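So you can see what is in the structure, the chains are spelled out below.
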Amino acid sequence: MARRVGLLTLLGQPMVARASALSATRLPLTPTPRRAAPPRQMCTSAAHDHLIADIQVLPSPAGREGDEFAHVDAAIATIAASGLEHSVHPLGTTVSGPADEVWRTARAAFEACLASGASSEVMLLKVYRGTRTASELRASGGAAAARAVRGEAGAGALAETVDGVEVEVEGEGEYTVERSVLLYPGSRAMPPLVQVPGGFLPLRAVVKPPDVDVLWQWEEARGNTEADCSWASVWPAAAYLAHSIMQQPSLVRGRSVAELGSGLGIAGLTAAKVGARSVTLVDREPLALHCAMSTADLCGLQTGPVPDGSDEAVAFYAHDLEGVVSATVLDWAQLVDNGLVVDVVLASEVLYDPKEAAPLARAVAMLLREGGTLLLTDPAACRVTRARAQLGDALRALGARVDERLVEAPPAGDGWYSLRAGDGMVSAAVPSEPTVLLRAVFDMPPSF
């Protein structure tokens, strides 16, 4: 099952078309005075004293027993009590008003999450300073998405489609940005896509939507208001897993690998780059796998059939191969008896529902050969209380040896931010959430 974010985030209405003044930043546990209160000289006019902010909080855990979203709700309540114009949408909250008050409200929402009982928290802000109102930005963004869906995206629509990136038009069909490249403007069949630097990864670049907001606008314009758009970003635990594989290639070298809930597939593709014999990406989102396979091709990786025991797969993998990537659109429950058997299973950001722990453990056990290993990264504090503990219990019940350890964070720098948001405009950003690597080994066939 692909990762889910849903109510775990507090994010404003997607605003695709924005002025180049748009910026994004991460509010740390102890914000600097500059972020808490922008210098007065920046507010030289009434228009420039007005801010529109998208606020996203990621507390760990998201809530408490009996109220799994309590800490997120505390942030929402604080914003509502501020008296500022705001709106809560499927992806979160947009706030607008005088600059000082917006910054003060963001800080108060951050502190409300911690006061509610969160053990740690990351806040992401996207800030617009300009003359347009939130309603005008939403209307402009929706119009850009609608044009893409109708197949009317010309150069003007392209400039509006990439969120927070300054697009330069160098000639017909040629579009560049400072650190990312717009590959596709969007249409009814395909969302806007960008190519972002691979950062610390052994990948030249990663193909993805510009960010979650842009993908949501595209899905909404198609009438798909129930879409899971979380795969459009590389989440911290996936970055940790990819970095761990880079640090210890022997975990996957020469082995067959499957990544569950792969999304953009950076962990699996990293495994292919450092010597895995084959990597199969498994996700329920076809567009996520389209992007992942495009990245594989861009990075010079060979693609092939899913090694499911079919005649085609047996003939293909009879040769001495390395780093072959395949993909299959499946939910975990569909992995039973599908023929795919591997040496290593990778997963990250998949523990959002304790009820899924037992089905996930069973899917892993069915996928692994005797002696096979699960490598799963998860925030140390858990997104949902006891979800990882329940997975560990379910794996042990099937006969696995299970252990956990904290893992080293990936390097900081523009590469990570580009992967996360798609625009690469902020330096020194790094996933700072403490993360554990859960390792489960099946020395004997599982006890079903």
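Preceding this section is the structure that the text describes.
Quick notes on the rules
- Residues numbered from 1 in each chain as written.
- Predicted model: local features only at pLDDT ≥ 70, side-chain atom pairs only at ≥ 80, totals over all residues.
- Heavy atoms only, no water.
- Core = buried A, V, L, I, M, F, W, Y, C linked by side-chain atoms within 4.5 Å.
- Buried < 20%, exposed > 50% of the residue type's maximum accessible area, 1.4 Å probe, protein only.
- Contact = heavy atoms within 4.5 Å.
- Helix = DSSP H or I, 4+ residues; strand = E, 2+ residues; numbered from the N terminus.
- Axes fitted to C-alpha atoms, helices over the stretch in contact; angles between N-to-C directions.
- Parallel < 35°, antiparallel > 145°, perpendicular 65-115°, else oblique.
- Left-handed = near helix turned anticlockwise from the far one by under 90°.
- Pairing = 2+ DSSP bridges.
- Right-handed = clockwise from strand over helix to strand, strands pointing away.
- Expected span 1.5 Å × (residues − 1).

1. With respect to the nonpolar core
Item 1. Membership of the largest hydrophobic core comes to 53 residues, with the highest contact counts inside it found for Ile245, Val252, Val325 and Leu346.
Item 2. Setting aside its immediate chain neighbours within four residues, Val252 contacts Ile245, Val257, Ala271, Val274, Gly275, Ala276 and Val344.

2. Here we look at the environment of Gly309
Item 1. With respect to the helices and strands, Gly309 occurs in the loop between helix H9 (286-298) and helix H10 (311-317).
Item 2. In this structure, Gly309 is in contact with Val314 and Gly339, ignoring residues within four places of it in sequence.

3. Section: the packing of helix H2 (residues 70-81) against helix H3 (residues 99-115)
For any two helices packed against each other, the geometry comes down to the angle between their axes and how far apart the axes lie.
Item 1. Two numbers describe how H2 lies on H3: the axes approach to 8 Å, and their chain directions differ by 150°. The angle between H2 and H3 falls in the class roughly antiparallel. The element H2 and its partner H3 pack so that their crossing is right-handed. Listed contacts from H3 to His71, Val72, Ala74, Ala75, Thr78 and Ile79 of H2 are Thr105, Ala108, Ala109, Ala112 and Cys113.

4. Quick notes on the sheet that holds strand E10 (residues 205-208)
Item 1. Reading across from one edge, E8-E9-E10 is the order of the three strands in this open sheet, with antiparallel pairing throughout. What marks the edges here is a single partner per strand, and that holds for strand E8 (181-184) and E10. In this sheet, neighbouring strand axes are inclined to one another by 30° on average, regardless of whether the strands run parallel or antiparallel.
Item 2. Across the sheet, H9 lies against strand E9 (193-197) and E10, angled at about 155° from E10, the strand it touches most.

5. Side note on the pairing of strand E12 (residues 278-283)
Consecutive side chains of a regular strand alternate in pointing toward one face of the sheet and then the other.
Item 1. Counting buried positions over the six residues of E12 gives six, a clear majority of the element.
Item 2. With helix H8 (residues 266-273) bridging strand E11 (residues 256-260) and its parallel neighbour E12, the resulting β-α-β unit is right-handed.
Item 3. For E12 and strand E13 (residues 324-329), the ladder comprises six bridges, and the chain directions are parallel. Paired with Ser278 across the bridge in E13 is Val324.

6. Observations concerning unusual backbone geometry
Item 1. With a phi close to 50°, Glu349 is a non-glycine residue in the positive phi region.
Item 2. As for its position among the elements, Glu349 is in the loop between strand E14 (342-348) and helix H11 (357-367).
Item 3. When its relative accessible area of 1% is taken as the criterion, Glu349 is described as buried.

7. Concerning the side chain of Glu219
Item 1. Tracing the backbone through its elements, the reader meets Glu219 in helix H6 (residues 212-221).
Item 2. On the accessibility criterion, Glu219 (7% relative accessible area) is buried.
Item 3. Residues contacting Glu219, with those up to four places away along its chain left out, are Asn224, Ala227, Cys229 and Leu287.

8. Points about H9
Owing to its 3.6 residues per turn, the α-helix brings residues three or four apart onto one side.
Item 1. Here H9 spans 18 Å end to end across 13 residues, near enough to the 18 Å set by a 1.5 Å rise per residue.
Item 2. Every buried residue of H9 is listed here: Leu287, Ala288, Leu289, Cys291, Ala292, Met293, Thr295 and Ala296.
Item 3. Buried residues in H9 make contact with E9, E10, H6, H8, E12 and E13.
Item 4. In the stretch just after H9, Gly300 is the one whose phi turns positive, near 80°.

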